[in-house]
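# Descriptive analysis of the structure
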Amino acid sequence: MTNKKKRTERKTSVIDLLPYIFIVAVVPLIVYLHIDKLEPIEEAVWTTEDFYPDLLSYCKSLWFMIASAFGLCLFVFRYIEGRVRLQKKPGLYVPAAVYILLIVLSTITSKYVSVALSGFVARYEGMFVLLFYVLNMLIVYNLINEESQIKLLVKPLLVSAFVICFIGLSQFAGHDFFETALGRSLILPAEYAESELSFNFGTMVYGTLSNPNYIGSYVALVFPVAVTVIFIAEKLVWRITAAVLSILLIINLVGSDSSAGLVGLGVGAVIAVVYFLRKYLFRNKIVVVLSVIVVLAVCGFLASEIVSRFRTESAHNYYIEDIAFDKGSVWIKSSTETLGIRYSDDQLTFIDGNDNNLYVDVNYDDSGANITFKDQAYRNYRIKINGDVLEVRNGDVEFFIRLSQDGLRLVGINGDEPDQIVKPEAIDVRGYEKVGSARAYIWSRTIPLLKNAILVGYGPDTFAIVFPQNDYIGKINAYNTPFMIVDKPHNMYLQIAVNTGILSLVAFLAIILVYIVSGIKACFMNQAPGRISHYGTGIFIGICAYLVVSLFNDSSIAVAPIFWILLGLGLACNAMALHDKERKKEAHASPKR
């Protein structure tokens with residue numbers, strides 16, 4: 001009996017799929033307060049407190065691991081019973097095994113093993129989470145063998161998306177459900193029921209996810225699946241449901257202000273056009289021309305949006321070249337002028353780059369003395385003396401200098417007050433640090449870290465620890481403040497390379513390549529696709545869109561579990577579609593024998 005026949009004969013029960021239904025449908029909805037006790041290294045990087053009140057990530061991570069562990073045990077039991085047989089797919093298993101091995105090696109060789117195991121605060125993507133991502137993908141791939149099982153995962157996913165979208169609508173309207181009495185009662189333990197609760201996203205949509213950016217990743221992944229259901233669902237109620245959900249997902253995407261999500265959907269739209277016109281794309285000149293026009297229009301729109309944002313974000317009204325301390329003096333060197341400040345015998349003197357005194361106006365209020373300059377070259381500076389702290393402002397830029405008879409110091413994060421500012425190794429992006437919501441800055445400081453992460457990484461979820469958080473000049477130019485904590489790279493591929501090594505990134509990309517090749521064969525080269533192939537196509541477009549969004553977003557416990565399960569489901573759909581394609585080919589050829 002061939003392996004393909006075994007796929008169609010083995011039986012998978014609903015119970016076998018329950019853990020994965022729970023992960024795609026329930027885990028993204030979990031919002032509940034957990035007071036997390038921080039590791040000392042997390043305190044040093046994240047906050048001076050020894051605890052962190054987490055609402056949006058910890059419990060997701062916990063329940064994801066519980067469900068995944070249950071699913072793994074159930075799968076092993078079914079395998080021992082003989083109810084499940086592993087599919088012969090060495091092209092998939094080898095890179096998956098390499099990825100798993102490198103996750104483990106990066107953990108045990110990490111300087112921060114405790115964080116690598118459990119994940120960094122507010123993120124919680126440690127070793128066990130990463131391992132379950134890969135294992136869940138492999139298990140789902142081996143469990144799914146018929147269309148009814150595909151529906152068992154897809155329908156709960158869409159219902160869950162509906163809930164997230166309705167919560168997102170309340171946020172878009174400025175009346176966040178979680179800030180209502182009912183919402184608070186659902187997410188706060190009784191002992192914290194009277195605590196103040198607020199999210200820092202304004203009217204931006206975040207749903208139940210930990211950041212509005214992740215709405216972009218979520219919509220890119222789920223929207224193509226919802227659209228697919230509109231066309232292939234047997235019951236009208238599901239077609240209507242999927243249509244309404246598709247509209248809600250777009251509204252939520254707009255409300256999240258996620259440009260990455262729009263780019264991902266744009267790429268997904270291009271892939272969809274290629275799929276629907278694949279029969280005629282290279283046969284009919286008119287279709288070819290129209291297709292090229294559509295693709296160019298989409299690319300042109302995305303390019304104009306990117307260029308517009310690029311110009312806006314790259315504009316610097318005030319750019320700091322250096323902040324240099326010398327005993328009782330500090331020199332603030334910008335791209336247009338140099339401001340010197342001397343502090344001696346409790347007296348402040350302001351001078352220009354040529355050591356000439358600057359004349360000032362001083363006004364007093366309840367919080368201290370406010371200083372402005374008469375010289376037009378320094379007219380944008382606003383300086384306040386607040387106790388022993390000098391607050392320096394220029395436009396939107398703000399940083400503080402500690403005044404002391406022992407010397408002046410920059411006020412940094414979590415009690416750090418250096419008198420010599422570190423300039424880490426970086427790719428030169430001078431003047432463009434703000435581009436992509438400071439992604440240009442983050443990537444320019446992240447890429448040099450990779451030279452020490454070729455075989456193994458620094459450890460799962462340790463990015464925030466190894467990133468040069470004391471790069472205060474870079475942060476001021478990127479964020480207008482030195483106090484920003486960079487806890488993620490805003491690029492899933494850099495995230496993998498830093499955390500678990502460049503070699504693990506190669507293994508991950510090999511898994512993706514196996515999936516894309518199988519998807520092209522099963523969907524795009526299938527001239528007579530069935531319903532399973534259509535499901536596979538929707539998942540394929542969603543996966544591709546997610547991978548594009550991941551150029552600008554990182555992996556998160558809110559969305560990544562869905563991605564990995566849909567990846568396994570997509571592989572299973574492709575395998576079944578290819579089997580059906582070959583069976584039809586054999587049936588068509590049999591009369592000629």
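You'll find the structure just up there.
The following paragraphs examine the structure supplied in this document. (Residues numbered from 1 in each chain as written. Predicted model: local features only at pLDDT ≥ 70, side-chain atom pairs only at ≥ 80, totals over all residues. Heavy atoms only, no water.)

## As for the overall build of the protein
Within the protein, the secondary structure is distributed over 20 helices and 12 strands. Burial status across the protein gives 54% buried among its 593 residues. The contacts of the protein with a sequence gap of at least 6 include a subset with a gap of at least 24, amounting to 68%. Here the protein has roughly 26700 Å² of accessible surface; of this, 62% comes from carbon and sulfur atoms. (Helix = DSSP H or I, 4+ residues; strand = E, 2+ residues; numbered from the N terminus. Buried < 20%, exposed > 50% of the residue type's maximum accessible area, 1.4 Å probe, protein only. Contact = heavy atoms within 4.5 Å. Areas by Shrake-Rupley, 256 points an atom, 1.4 Å probe, with all protein chains shown as cover.)

## Some words on the packing of helix 17 (residues 492-500) against helix 18 (residues 502-524)
The relative placement of two packed helices is expressed as an angle between their axes plus a distance between the axes. Running from amino to carboxyl end, helix 17 crosses helix 18 at an angle of 135 degrees, the nearest separation of the two axes being 6 Å. In terms of axis orientation, helix 17 runs oblique to helix 18. Where helix 17 approaches helix 18, its residues Met492, Tyr493, Ile496, Ala497 and Thr500 are matched on the opposing element by Ile502, Ser504, Leu505, Phe508 and Leu509. Class assignment of the residues belonging to the contact of helix 17 with helix 18 gives a composition of 8 nonpolar, 2 polar and no charged. (Axes fitted to C-alpha atoms, helices over the stretch in contact; angles between N-to-C directions. Parallel < 35°, antiparallel > 145°, perpendicular 65-115°, else oblique. Nonpolar A, V, L, I, M, F, W, Y, C, P; charged D, E, K, R; others polar.)

## Digging into the sheet that holds strand 8 (residues 368-373)
An order of 7-8-9-10-11-12 is seen for the 6 strands of this open sheet, with the pairing classed as antiparallel. Strands at the two margins of the open sheet, each flanked by one partner only, are strand 7 (360-365) and strand 12 (409-410). Bridging between strand 7 and strand 8 involves 6 bridges; their strand directions are antiparallel. Bridge pairing in strand 8 places aspartate 361 opposite threonine 372. (Pairing = 2+ DSSP bridges.)

## Regarding the sheet that holds strand 3 (residues 320-326)
Taken in spatial order, the 4 strands of this open sheet run 3-4-5-6, and their pairing is antiparallel. In this open sheet, the two edge strands, each paired with only one partner strand, are strand 3 and strand 6 (347-351). Put simply, the sheet's adjacent strands are angled 15 degrees from each other on average, direction ignored. Alignment of strand 4 (residues 329-334) against strand 5 (residues 338-344), held across 5 bridges, turns out to be antiparallel. When the sheet's bridge partners are listed, valine 330 is paired in strand 5 with isoleucine 341.

## Some thoughts on unusual backbone geometry
At aspartate 461, a position not held by glycine, the phi torsion is positive, near 60 degrees. Mapped onto the secondary structure, aspartate 461 falls in the loop between helix 14 (435-446) and helix 15 (463-466). According to the relative accessible area criterion, aspartate 461 is buried, its value standing at 4%. The backbone of asparagine 480 shows a phi angle near 70 degrees, a positive value even though the residue is not glycine. Here asparagine 480 lies in the loop between helix 16 (472-479) and helix 17.

## A word on the pairing of strand 9 (residues 381-386)
Sheet analysis places strand 8 next to strand 9, joined by 3 bridges and oriented antiparallel. Residue pairing in the sheet places alanine 369 in a bridge with isoleucine 385 of strand 9. Where strand 9 and strand 10 (residues 389-394) come together, 6 bridges link them in antiparallel fashion. If you follow tyrosine 381 over to strand 10, its bridge partner there is asparagine 394. As consecutive antiparallel partners, strand 9 and strand 10 are separated by 2 residues, and within that stretch glycine 387 has a phi angle of approximately 65 degrees, a positive value.

## Side note on the packing of aromatic side chains
Applying the stated criterion to the full structure yields 27 aromatic pairs. Measuring from centroid to centroid gives 5.4 Å for tyrosine 275 and phenylalanine 524, while their planes differ by 80 degrees, and the two rings are edge-to-face. Note that tyrosine 275 is positioned in helix 12 (residues 259-276) and phenylalanine 524 in helix 18, a separation of 249 residues in sequence. A residue is classified by how much of its surface remains accessible, and phenylalanine 524, at 14% relative accessible area, is buried. Where phenylalanine 373 meets tyrosine 381, the ring centres are 6.1 Å apart and the plane angle is 80 degrees; that geometry is what we call edge-to-face. Among the residues examined, phenylalanine 373 registers a relative accessible area of 7% and is labelled buried. (Phe/Tyr/Trp six-rings, centres within 6.5 Å; stacked < 30°, edge-to-face > 60°.)

## What to know about the environment of isoleucine 167
On the secondary structure map, isoleucine 167 appears in helix 8 (residues 147-172). Separated by 85 residues in the primary sequence, isoleucine 167 and asparagine 252 place their C-alpha atoms 9.5 Å from one another. Aside from chain neighbours lying at most four places away, what touches isoleucine 167 is Phe177, Phe178, Gly207 and Thr208.

## As for the nonpolar core
Counting 115 residues, the largest nonpolar core has Tyr218, Phe508, Phe563, Trp564 and Leu569 as the members making the most contacts within it. Apart from the residues within four sequence positions on either side, phenylalanine 563 is in contact with Leu221, Phe508, Ile512, Ile543, Tyr546 and Leu547. Counting 40 residues, the second-largest nonpolar core is a separate cluster that includes Ile320, Tyr343, Ile371 and Leu408. (Core = buried A, V, L, I, M, F, W, Y, C linked by side-chain atoms within 4.5 Å.)

## Description of the layout of surface pockets
One simple way to see leftover space: roll a probe sized like a water molecule over the atoms. Computed from the structure, the second largest pocket encloses a volume of approximately 360 Å³. Residue lining of the second largest pocket: 16 residues in total, with Pro224, Val227, Ala272, Phe276 and Ile541 positioned closest to the centre. Those elements that provide at least two residues to the lining of the second largest pocket are helix 10 (212-232), helix 12 and helix 19 (531-549). Residues belonging to the lining of the second largest pocket are distributed by class as follows: 11 nonpolar, 5 polar and no charged. (1 Å grid on protein atoms, 1.4 Å probe; cavity = no way out; pocket = protein on both sides within 12 Å on 5 of 7 lines; lining within 4 Å. Points joined across faces, edges and corners; volume = space filled by probe spheres on them.)

## Looking at the pairing of strand 5
Linking two consecutive strands that pair antiparallel, namely strand 4 and strand 5, is a turn of 3 residues. Taken together, the 5 bridges between strand 5 and strand 6 define a ladder with antiparallel strand orientation. Across the sheet, isoleucine 341 pairs through a bridge with phenylalanine 350, a residue of strand 6. What sits between strand 5 and strand 6 in their antiparallel hairpin is a turn of 2 residues, with aspartate 345 showing a positive phi close to 55 degrees.

Honestly, it's all geometry; don't read function into it.
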